[in-house]
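# Structural features, examined
Chain by chain, the residues run as shown.
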Amino acid sequence: MPPFNLETCARPNVLALQPYRCARDDYKDDGSNVLLDANENAYGPSLDAAAAQRAGSPSLDGLDPLSLHRYPDPHQPQLKQLLCRLRNTHAHTPKSLGPENLFVGVGSDEAIDALLRCFCVPGKDRILTCPPTYGMYAVSAQVNDVGLVEVPLTPGPEFALDVPAVTAALSAEPDVKLAYFCSPGNPTGSLLAKQDVVRVLGHPTWNGVVVLDEAYVDFAPEGSSLAELVAEYPNLVVVQTLSKAFGMAGIRLGAAFASAPVARLLNSIKAPYNVATPTSALAQSALRDPGLAVMRGNRAKITAQRERLLAELPKIEGVGRRRGGTAGNFLLYEILNAHGESDNSVALAVYDKLAQHKGVVVRFRGKEHGCQGCLRITVGTEDEVTRFLDSLRDTLAEVRRGRPGK
């Protein structure tokens, strides 16, 4: 096992923290208690009868909108149990996850930031990232006054971990406390190899934590999630979200799977009631069998349209190579100039004209490492993909001929 030591890796002030005890830590609301402990408004929420009826959908695991004047459960055991049920596939270990292995919060971004606050001393420690990657790792590090070490992924279309370079950096940079890896990658769509992640986890001298961001993992092949490996590796944290495959971006629900001691630290520094009651109810509905069936049905439709894009995009003049993998709900493609070269100016012009003249919005990623001239295209519905393909053909022809869009 690697030399991971939570007592010397985490910030001393966090290890010594006595978590805030909120009112619901002591006594739960069983429906019969008179609750005069949390300064809540005993007359109920400010919803009229019609609004309350609309909010009280029977599909939301018994959510009673008239209970919204009470604070939510700070620990969310039912929600955590459903997340564990989803990830206890035993594809990677016979061990099982339990609620003690979970932190839940406001999207995966809360977990990304909480890990920085747990492990990195401002003005001293650093994190490692592998560009091209999700930009919030660097933003959160800067907000927390934490430095950044970058070790690029191998060139596309593989965009794999450069394990020798990563391990060398971790050997040479003792102040790196966290290594953030995105799998499937954003914007690459490439799934990182399990053996590469495990090699980094087994670094012989580095006392730090690998954070594996699996926001898009449900679009990857079955068994791709490494969440259950936190039961084997105390220096692994796997971050996930309901925003992508579950289509629940509006509720802002994320999770971090970790060893029980690390999960306790994350839970000790969170706001007392960070997951709202409606968010929890909606998330639980999505994670129960009927919700999972809907997710899988929608995922099948997205996968079919992804295959359609993979077949059709190479036929369009001016579209170059695919520069990433196919494990997400998006694809990364080069846009070419008249000389057949990937070109940021052409890609940016296509991006602008698609949005301004066609009402089709994709993402320009040409400034990211290894993504020269690239657009990232989210896989939409069948009609949306049809509109995108038609618009792209017209727009590319206009831009490559130097004509203004119409």
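Scoring rules and cut-offs
Residues numbered from 1 in each chain as written. Predicted model: local features only at pLDDT ≥ 70, side-chain atom pairs only at ≥ 80, totals over all residues. Heavy atoms only, no water. Pairing = 2+ DSSP bridges. Helix = DSSP H or I, 4+ residues; strand = E, 2+ residues; numbered from the N terminus. Buried < 20%, exposed > 50% of the residue type's maximum accessible area, 1.4 Å probe, protein only. Right-handed = clockwise from strand over helix to strand, strands pointing away. Domains from an automatic or database assignment. Contact = heavy atoms within 4.5 Å. Buried area = accessible area lost by both parts, 1.4 Å probe. Salt bridge = Lys/Arg side-chain N within 4 Å of Asp/Glu carboxyl O. Polar contact = N/O pair within 3.5 Å; in protein donor to acceptor, adjacent residues only side chain to side chain.

With that settled, the discussion passes to the sheet that holds strand 10 (residues 363-364). Taken in spatial order, the four strands of this open sheet run 8-9-11-10, and their pairing is antiparallel. Looking at strand neighbours, the two that pair on one side only are strand 8 (319-322) and strand 10, the edges of this open sheet. Pairing between strand 10 and strand 11 (residues 374-378): two bridges, direction antiparallel. Residue arginine 363 lies in a different strand from strand 11, and its bridge partner there is arginine 376.

A few words on the pairing of strand 4 (residues 176-182). Every other side chain in a regular strand lies on the same face of the sheet, so the side chains alternate between the two faces. For strand 4, the buried fraction is high: seven of the seven residues fall into the buried class. As paired elements, strand 4 and strand 5 (residues 209-213) share five bridges and run parallel to each other. The partner of alanine 179 across the bridge, within strand 5, is valine 210. Note on the crossover from strand 4 through helix 9 (residues 194-201) to strand 5: the handedness is right-handed.

For the chain, the domain assignment lists domain 1 (7-45 + 295-399) and domain 2 (71-291). Its C-alpha centre places domain 1 at a distance of 17 Å from the equivalent point of domain 2. Domain 1 puts 36 residues into the contact, and the matching count from domain 2 is 43 residues. Both faces combined, the contact of domain 1 with domain 2 buries some 3200 Å², and carbon together with sulfur accounts for 60% of it. Across the contact surface, domain 1 and domain 2 share one salt bridge. A salt bridge links arginine 299 to glutamate 222; its shortest N-O distance comes to 3.2 Å. Applying the counting criterion to the domain 1 and domain 2 interface returns 15 residue pairs in polar contact (both at pLDDT 80 or more).

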